[in-house]
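# Per-entry structural report
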Amino acid sequence: MRTTAFHLVTRKETPQDAEIISHQLMIRSGMIRKLGAGLYTWAPLGLRVLQKVEQIIREEMNAAGALEMLMPAVQPKELWEETGRIDDFGGQLLAIHDRAERDYFFGPTHEEVITDFVRNEINSYKQLPINFYQIQTKFRDEIRPRFGVMRSREFIMKDAYSFHLDQQSLEVTYEAMKQAYTKIINRIGLEFRCVLADSGAIGGSGSQEFHVIADSGEDAIMYSDTGTYAANLEKCAAVSLLDNRAEATEAINKVATPTQKTIEEVAEFLKLRKNQMIKTLLVAGTEQPVALVVRGDHSLNEVKAVNLESVASPLRMLNDEEIKDLAGCEAGFIGVKDLACQIIVDRTVANMSDFTCGANENGYHLSGVNWDRDASYHAVEDLRDAEVGDPSPDGTGTLQVARGIEVGHIFQLGSKYSKAMNAVILNEQGKSQAMEMGCYGMGVTRMVAAAIEQNHDDKGIIWPANIAPFAVAILPMNYQKSERVRRAADDLYEQLLSMGIEVILDDRKVRPGFMMSDFELLGIPHQVIIGDRALDEGEVEYRDRRDMASTRVNHDTIIQFLT
Ligand code: ATP
Ligand code: MG
Ligand code: MG
Ligand code: MG
């Protein structure tokens, strides 16, 4: 590619709404452009990277035996009524209707659609197990779309759904997907951790997330330094969405008073706005209910609305220091996931299986979850008072804490959807039975942003080799006037092209300094600078983008040097 034939529009200024480095660099390099809140155009430069990520994902999914397909983005509302998930997803669902006033959602995820497909296609255990996937556009009306494509409203996800005769078969595919995800992120070249996680609105019995390690990550994760143990610490279900802390304190006090309050009373007090609802969680075994105020957008797993009885001990407000420690927070609020909220910590609910939440004594971490099953639940229980340097719960090493970006999430769903939608098969005994199901999501667009969060310096992006938009940049000094430079640059360009190497030649009429800083910003891994002075000595200059180390290389051997 020659830059004059490409669309290269870089910017010096950082857009005001770009808080994190990947967002800034993606805009400055011209990879993406904003259309509206949470809506981005992928310019040719950005798309080259996005397609590389997609291709790696596709190859590893295929290698793991998954079958690619493509489902509609627009989904009939009736499907969602079958599973009763409209409330769980709440305001994140973009509702649309056609000219006949029929209702649809722009799909935020595809469990319903795939289950509908499968219940019509598969009727015998002989057709199982099977794993379908797609790479497709989703829409989630996030409360706070931000960080560019990291948390956008329209985004691309790879989502896979597997179907099984029994739990054992599900576990085999789940493990295969875990391995595939590991290979994918390794090939992309990012440092990550696989952590125990909350199953959110997707539901099911257990799940794990894949987090790319980065300071800007919205989640806090804890893991053992041996790499065998990891959990997401920041799955806080107990949130009260209120406009200020005084309001929150008052609400919490109300909820926590020993006098009995009904949900209606609490709701009245809180004057719930549209999209907010109050939910309660049951304490395992004791059926002790706890009030929880959430915006409809927040995903809750299997919560039941019951009358609020007295809550044994007062809920506690976190102080500002603690809040700051926990997440990328804003004054007095914690950004838990996509919510701006105040966390309610109740240290008495340690034995709840639906809901655990707590901060340790020195307020260093908050380990909170909305997990309902063993593995994840225990993960948090184990970490309740844990600190960095403590032995990890599995005894393999010491605990470390890091911030992570959730790029992937895999779930064992069990028969939640197949039962709700009557997706049954005949088993070996000829009996009708609901299928077991797993689902596996990966944020394709988010992965690109995550890669930049982990790979940049003060000059710009440093692409990992496997997803770089171009492998080599040829930067000729004085291309327009020096024929010798032009010939050397063109020759090298043609040779690299003929070898199938992705190369970009900057043939623009721009000052050398301008050209250099553009390509530092773009982050092309290998850069060859061709100028008269070096050519006088039969040499060209090679620059490695990662360490910016410059090497003079004999002009005749530059191809060997690069390949
Ligand atoms: P998050 O916790 O960041 O809101 P999620 O848990 O809601 O993500 P999942 O339902 O697990 O997301 O979806 C699978 C993957 O899709 C996520 O792991 C993430 O990589 C990606 N994803 C989810 N929401 C967004 C978004 N708003 N913008 C970009 N990617 C997203
Ligand atoms: Mg979300
Ligand atoms: Mg999540
Ligand atoms: Mg998730």
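All values reported here derive from a predicted model rather than from experimental measurement.

Pairing between strand 3 (residues 67–68) and strand 7 (residues 130–139): 2 bridges, direction parallel. Across the sheet, Leu67 pairs through a bridge with Phe132, a residue of strand 7.

A few words now on the sheet that holds strand 4 (residues 74–76). Within the open sheet, the 3 strands sit side by side as 4-6-5. Their pairing is antiparallel. Sheet topology places strand 4 and strand 5 (94–97) at the edges, where each strand pairs with a single neighbour. Across the sheet, the mean angle separating the axes of adjacent strands is 40° when strand polarity is ignored. Pairing of strand 4 with strand 6 (residues 103–106) involves 3 bridges; the strand directions are antiparallel. Residue pairing across strands places Gln75 opposite Phe105, the latter belonging to strand 6.

This part is about helix 6 (residues 167–188). Relative to the 32 Å expected for 22 residues at 1.5 Å per residue, helix 6 spans 31 Å between its end C-alpha atoms, a close match to the ideal helical length. Buried within helix 6 are the following residues: Leu170, Thr173, Tyr174, Met177, Ala180, Tyr181, Ile184, Ile185 and Ile188. Taken around the axis of helix 6, the buried residues stretch over an arc of 125°, which confines them to a single face. The exposed residues of helix 6 that point more than 90 degrees off its buried face are Gln168 and Glu175. Positioned one or two residues after helix 6, Gly189 has a phi angle of 95°, which is positive.

A few words on the sheet that holds strand 28 (residues 503–505). In sheet architecture, strand pairing relies on hydrogen bonds along the backbone and comes in two forms, parallel and antiparallel. Pairing within the open sheet is mixed, and its 5 strands lie in the order 28-27-29-30-31. Of all the strands in the sheet, the pair left with one neighbour each is strand 28 and strand 31 (550–554). Going across the sheet, the axis of each strand differs from the next one's by a mean of 25°, ignoring polarity. Sheet strands in contact with helix 13 (residues 483–498) are strand 27 (472–476), strand 28 and strand 29 (526–530), and its direction is about 170° off that of strand 27.

Here we come to the nonpolar core. In this structure, Val53 and Ile474 are the most contacted members of the largest nonpolar core, which totals 94 residues. Among the nonpolar cores identified, the runner-up in size contains 7 residues, and Leu196, Ile221, Met222 and Tyr223 belong to it.

Let's shift gears to unusual backbone geometry. With an omega dihedral of -5°, the bond running from Leu128 to Pro129 counts as a cis peptide bond. For Glu101, which is not glycine, the phi torsion reads 65° and is therefore positive. By the secondary structure assignment, Glu101 is in the loop between strand 5 and strand 6. Taking the C-beta count within 10 Å as the criterion, Glu101 has 6 such neighbours and is therefore assigned exposed.

Okay, helix 14 (residues 512–522) next. For the α-helix, the turn length of 3.6 residues means that residues three or four positions removed from each other point alike. Of all the residues in helix 14, the buried ones are Met515, Asp518, Phe519, Glu520 and Leu522. Once helix 14 finishes, Gly523 follows within two positions and takes phi at roughly 75°, a positive value.

When pLDDT is averaged along the chain, the result is 77, and 69% of the positions lie at 70 or above. Here residues 232–249 is modelled with pLDDT under 50, and outside its nearest four sequence neighbours on either side it reaches 72 contacts, counting other chains as well. Of the two predicted TM-score estimates for the complex, the pTM is 0.78 and the ipTM is 0.99.

Tracing the backbone shows Ala176 in helix 6. The sequence separation of Ala176 and Met1 amounts to 175 residues, and the corresponding C-alpha distance is 38 Å.

Packing of helix 1 (residues 21–28) against helix 12 (residues 444–454) brings their axes to within 8 Å, and their N-to-C directions diverge by 105°. With respect to helix 12, the element helix 1 is oriented roughly perpendicular. Across the interface between the two elements, Ile21, Ser22, Leu25 and Met26 from helix 1 touch Ala449, Ile452 and Glu453 from helix 12. Taken together, the residues that form the contact of helix 1 with helix 12 break down as 5 nonpolar, 1 polar and 1 charged.

What counts and how
Residues numbered from 1 in each chain as written. Chains lettered and ligands numbered in written order. Predicted model: local features only at pLDDT ≥ 70, side-chain atom pairs only at ≥ 80, totals over all residues. Pairing = 2+ DSSP bridges. Helix = DSSP H or I, 4+ residues; strand = E, 2+ residues; numbered from the N terminus. Axes fitted to C-alpha atoms, helices over the stretch in contact; angles between N-to-C directions. Expected span 1.5 Å × (residues − 1). Buried ≥ 20, exposed ≤ 12 C-beta atoms within 10 Å, placed from the backbone. Arc of directions from axis to C-beta. Contact = placed C-beta atoms within 7 Å. Core = buried A, V, L, I, M, F, W, Y, C linked by C-beta atoms within 7 Å. pLDDT = per-residue confidence, 0-100. Parallel < 35°, antiparallel > 145°, perpendicular 65-115°, else oblique. Nonpolar A, V, L, I, M, F, W, Y, C, P; charged D, E, K, R; others polar.

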